[in-house]
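# Summary of structural features
Listed below are the residues making up each chain.
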Amino acid sequence: TRVAPDGTKSKVADVVGLPNGLALGPDGFLYMCNNGGAFTPLQMGDLLFPGEFDASKYIGGRIQKVDIGTGQVTDLYTHCGDIALRAPNDIVFDAHGGFWFTDHGIRNEHERTADFTGIYYAKADGSHISEQAFPVEGPNGIGLSPDGGTVYWAETHTGRVLRRAVASPGVLAPAVPLDTTACLAGLPGYQLLDSLAVDGE
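Residues numbered from 1 in each chain as written. Predicted model: local features only at pLDDT ≥ 70, side-chain atom pairs only at ≥ 80, totals over all residues. Heavy atoms only, no water.

## Side note on the sheet that holds strand β19 (residues 160-168)
Applicable threshold: DSSP calls a pair of strands paired once it identifies at least 2 bridges connecting them. What counts as a helix is a DSSP run of H or I of at least four residues, what counts as a strand is a run of E of at least two, and both are numbered from the N terminus.
As summarised here, the arrangement of the 4 strands in space is β17-β18-β19-β20, forming an open sheet in which the pairing is antiparallel. For this open sheet the edge positions go to β17 (139-144) and β20 (171-172), each flanked by a neighbour on one side alone. Alignment of β17 against strand β18 (residues 150-155), held across 4 bridges, turns out to be antiparallel. When the sheet's bridge partners are listed, Ile-142 is paired in β18 with Trp-153.

Quick look at the structure:
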């Protein structure tokens, strides 16, 4: 949907599945995270919430390219190598014309399953996609620092925002282990030990 400055709305394209994150690419096309129908839309008053997963309505996750002028929707990526995209969620372009995106994954309560997914980088021309972080649990929004040197993403189910340095365009630097000692030191009743191994445990 296009929203004009005066608030009027007009339809740009019809989309099969469920569109999530959307970004304007450097070529003037829209790039869309389509979660493939990873949940059943649940209307509650004036709000729309994600309901249960319905396998019969799921078409598979994908990154799509949308022509604003014609409304044509084209699949750009459905897989990263042999790994199928489950439920792409959000997207951000960098200064090099590529984009980072999250794959939120699917929780299926009936099957008692939940996905571990990843953070991906891809080129807008469809020539390259790579998984840059795995495993990630329920990654949702994603963004870049002003200088493009850090990628940030939010995890829905853990309630955390994480960051990783960018080593080169489209490549994350190795993860730095999380130092929890500083957090524990500030909590009353906690005493930091030289070693957490006691009697072999």
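Right, picking up where we left off after that structure.
## Examining the environment of Ala-38
Selection criterion: The buried label applies to any residue whose accessible area, calculated with a 1.4 Å probe on protein chains only, is under 20% of its type's maximum; exposed applies above 50%, and partly exposed to all values in between.
As for its placement among the helices and strands, Ala-38 is situated in the loop between β4 (30-34) and β5 (41-44). Residue Ala-38 is classed as buried on the basis of its relative accessible area of 11%. For the pair Ala-38 and His-104, spaced 66 residues apart in the sequence, the C-alpha separation amounts to 9.4 Å.

## Observations concerning the sheet that holds strand β12 (residues 98-103)
Heads up, the condition is: The angle between two axes is taken between their N-to-C directions and runs from 0 to 180 degrees, where each axis is a line fitted to C-alpha atoms and a helix contributes only its stretch in contact.
The strand order across the open sheet built from 4 strands is β11-β12-β15-β16, with neighbouring strands paired in antiparallel fashion. Of all strands in the sheet, those with a lone pairing partner are β11 (88-93) and β16 (129-136), marking the two edges. Taken over all neighbouring pairs, the strand axes of this sheet differ in orientation by 20° on average, direction set aside. Relative to β12, β11 is paired through 4 bridges, and the arrangement is antiparallel.

As far as function goes, none of this settles anything; it's purely spatial.
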